[in-house]
Each structure stands twice: as C-alpha cells, then as structure tokens.
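# Geometric and topological summary
So the chains spell out like this:
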Amino acid sequence: MSARPLALVTGASAGLGVEFARQLAAQGHDLVLTARRAERLAALAAELQRAHGVVCHVMSADLARPSAAAELLDAIGAAALSIEVLINNAGYGVPGSYLGQAWEVHADFQRVMVDAVALLSYRCAAGMRARGHGTIINVSSLAGLMPSTAGHTLYGPAKVWLIKFSESLAAELAPSGVRVLALCPGFTLTEFHDANGMREHVARLPSWLWMDAASVVRVGLAAAARGRVVCIPGRVNRALALAAKILPSSFLRRLVASRAADFRKID
Ligand SMILES: NC(=O)c1ccc[n+]([C@@H]2O[C@H](COP(=O)([O-])OP(=O)(O)OC[C@H]3O[C@@H](n4cnc5c(N)ncnc54)[C@H](OP(=O)(O)O)[C@@H]3O)[C@@H](O)[C@H]2O)c1
C-alpha cells in the first residue's frame, strides 16, 4: 500500500477538478478521480502517474443518481483506501427559470450539489477524525455571498448551504485536527459556462472579473493548509464580497438584478 496521502476529487474531468488533481498530485498525493466522463479521468490519471509517479484510481460516478455517492464510498472502502483530502468540487448550473424545468432536473441538481457533499463529508470525516488529521474543501461560490437573481434559482442557495455546512463542520472537527474550507471562487475560466450554455452571455463580462482555474486552486489549497474556514480567491472577488456585506441589501438586489442578464439565462 502507498505511503502517500490520498485525495478524492469529485468533478475531476474538467475545470477546477482537473486543477485540484494536478496540484495535489504535484504535492505528492495519490488520487481517487471521479466524475461521469471516465475517458477524461483515465487520461488525467495517466498524465499524473507519468508526471508525478502517484497512484490514481478512476471511479466514474453520476452523483445525481441517489445511490451514487454511497456506492463510490463503498468502492473506496472495498479497495481499503483511506481519504486524507476530500475535494467536493463537482457542480454545474441549471440555466433558466425555476418553474421552466421539470422537477427531476432540480432534484438531480440538489443530489449533486448538496446530498452527495453531505454524505461524502460524513463518511470521509469520520475516518479523518479517527486518524486525527485530514482536509475537506467544499467548492462553493461567490454566488453564495451575493444577492440571488432570477435564473440558477437553486444555485445560490446550494452555495450558501456549502458555506454554512463548512463553517459548522470546521467548528465540530477543529479539536480533532481535521480542517474544513469553503472555497468561494468568482467567475473562473473552466467549462462551467459551456456546460450550462451561458458562454455567449458571460463573454460580455470584462476580463478583470475572471480568474484562471490554476490560481483559484492554488489559493484554495494554501488557505486550507493555513486552517482558513472560508476563502474568497482574488482581490476583485474579495472586494465584491465586501461590497455585498456593507451595502444595503435592497440596493444590492436592484444592482445585481440590473446586470443579471449578463451572466444568467432568466427565461
Ligand atoms: N467556473 C466558475 O465560474 C465557477 C465559479 C464559482 C464556483 N464554481 C464551482 O466550481 C465547481 C467546479 O466547476 P467548474 O467551474 O470546474 O466547471 P466544469 O469545468 O464544468 O467542471 C464541472 C465538473 O463537475 C462534474 N459534474 C457535473 N455534473 C456531475 C454529476 N452529475 N456527477 C458527477 N460529476 C458531475 C463534471 O464532470 P462530468 O461532466 O464528467 O460528470 C466536471 O468534472 C462547481 O461546484 C461550480 O459550481 C465555478
């Protein structure tokens, strides 16, 4: 069995998940890579094994399936693997109005964004606490700190949930030496806006609003190593979060609503 610490990265087939896997492998972690697109995971595993000599386990899963997270954990247990670092990163946005989508679309979304995170954290944190060390990073969003707009109706609430969940779990696990971080990126250059069909809309946003995935992950991993509980990467994003904290909420809601069509499909 490998002496290297093992990291489980969800959503490892694209964007921030690929970057988490690359940077954790460069730090000397073995990896469990999961997402739906197994061929992408296999290519990443081969790349990381070649570049860093780490062991990568590919376990594809659709976290929208009600039993998928439990089956993934069972497969990890059956392989006698212990997770030292859990990156709850898988996620997407559902564009358009809340009532314009079938309920099953929203139910799937909540299973990926909330239920899977809660279960993966529950089972992995138990082992971490018993061993007296471990790290959980929950990829939330600046959207969890800003007023919500029409469109992506469950997205903001799911990201708020991740921040509150991380704060509670961090407080519960702090005495045991386990660290929990909510990472709150703003607009990040990944496949997120291709996956939800918003690329054309967000192309209108100014370039200074965007960060690259490697920088977001670097800041997030450093914040977790320092024991931070909530991390907002980037000066622009921190300024936006501060503004959201101090400006009157009715004014902010109007302001954000007036710009919402730039980054949300609301019909
Ligand atoms: N990009 C941004 O501007 C931004 C800003 C703030 C927060 N975030 C958050 O960052 C996280 C990563 O997103 P990203 O920007 O890296 O987007 P991305 O490039 O589209 O990657 C999303 C990842 O989530 C996985 N995923 C989606 N649905 C899944 C499902 N049903 N089961 C399992 N895996 C699933 C995808 O893999 P498969 O399709 O292969 O399953 C993919 O690996 C998300 O939680 C997102 O909300 C992104």
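Note: the structure precedes this text.
Quick caveat, the model's predicted, so the values are computed rather than measured. (Residues numbered from 1 in each chain as written. Predicted model: local features only at pLDDT ≥ 70, side-chain atom pairs only at ≥ 80, totals over all residues. Heavy atoms only, no water.)

## Focus on the site of the ligand
Stated precisely, the cut-off is as follows: Put simply, a residue is near a molecule or strand once any heavy atom of it comes within 4 Å of that molecule or strand. Any pair of N or O atoms that falls within 3.5 Å is considered a polar contact. Within protein, one atom must be able to donate a hydrogen and the other to accept it, and sequence-neighbouring residues count only if both atoms are side-chain atoms. Note on areas: Shrake-Rupley with a 1.4 Å probe; residue coverage comes only from the protein chains shown. Only runs of H or I of at least four residues qualify as helices and only runs of E of at least two qualify as strands under DSSP, and these elements are numbered from the N terminus. Residues are sorted three ways: Asp, Glu, Lys and Arg are charged, Ala, Val, Leu, Ile, Met, Phe, Trp, Tyr, Cys and Pro are nonpolar, and all the rest, Gly among them, are polar.
Looking at the ligand, there are 31 residues lining it, with S13, R36, R37, Y155 and T190 nearest. Between the ligand and L16, the relevant distance is 2.8 Å, taken from an oxygen atom to a main-chain nitrogen or oxygen of the residue. Between the ligand and E191 there is a distance of 3.0 Å, counted from an oxygen atom to a backbone nitrogen or oxygen. Relative to its free-state accessible area of 880 Å², the ligand is covered by the protein chains to the extent of 96%. Of all elements in the fold, only α1 (15-26), α5 (155-173) and α6 (192-195) reach the threshold of two or more residues within the shell around the ligand. Its residues placed into classes, the shell around the ligand shows 15 nonpolar, 11 polar and five charged.

## Here we look at the sheet that holds strand β2 (residues 30-34)
Rules: Should DSSP find at least two bridges between two strands, the strands are regarded as paired.
Sheet architecture is open: seven strands sit in the order β3-β2-β1-β4-β5-β6-β9, paired in parallel fashion. The sheet is open, and its two edges are formed by β3 (56-58) and β9 (230-231), each paired on a single side. As judged from the six bridges shared by strand β5 (residues 134-139) and strand β6 (residues 178-183), these two strands associate in the parallel manner. If you follow I136 over to β6, its bridge partner there is V180.

## A short note on the pattern of salt bridges
Under the convention used in this document: Salt bridge, as applied in this entry: a Lys or Arg side-chain nitrogen positioned within 4 Å of an Asp or Glu carboxyl oxygen. Each residue's exposure class comes from its accessible area (1.4 Å probe, protein chains only) as a fraction of the maximum for that residue type: buried when under 20%, exposed when over 50%, partly exposed otherwise.
Inspection of every chain in the model, using the stated rule, returns 11 salt bridges. Where R111 meets D108, a salt bridge forms, and the shortest distance between an N and an O atom there is 2.7 Å. Residue R111 and its partner D108 are both found in helix α4 (residues 103-131); the two are separated by three residues, about one turn of the helix. Residue class for R111 comes out buried when judged on its relative accessible area of 18%. Counted as one network, the salt bridges with shared partners bring together E19, R22 and E47.

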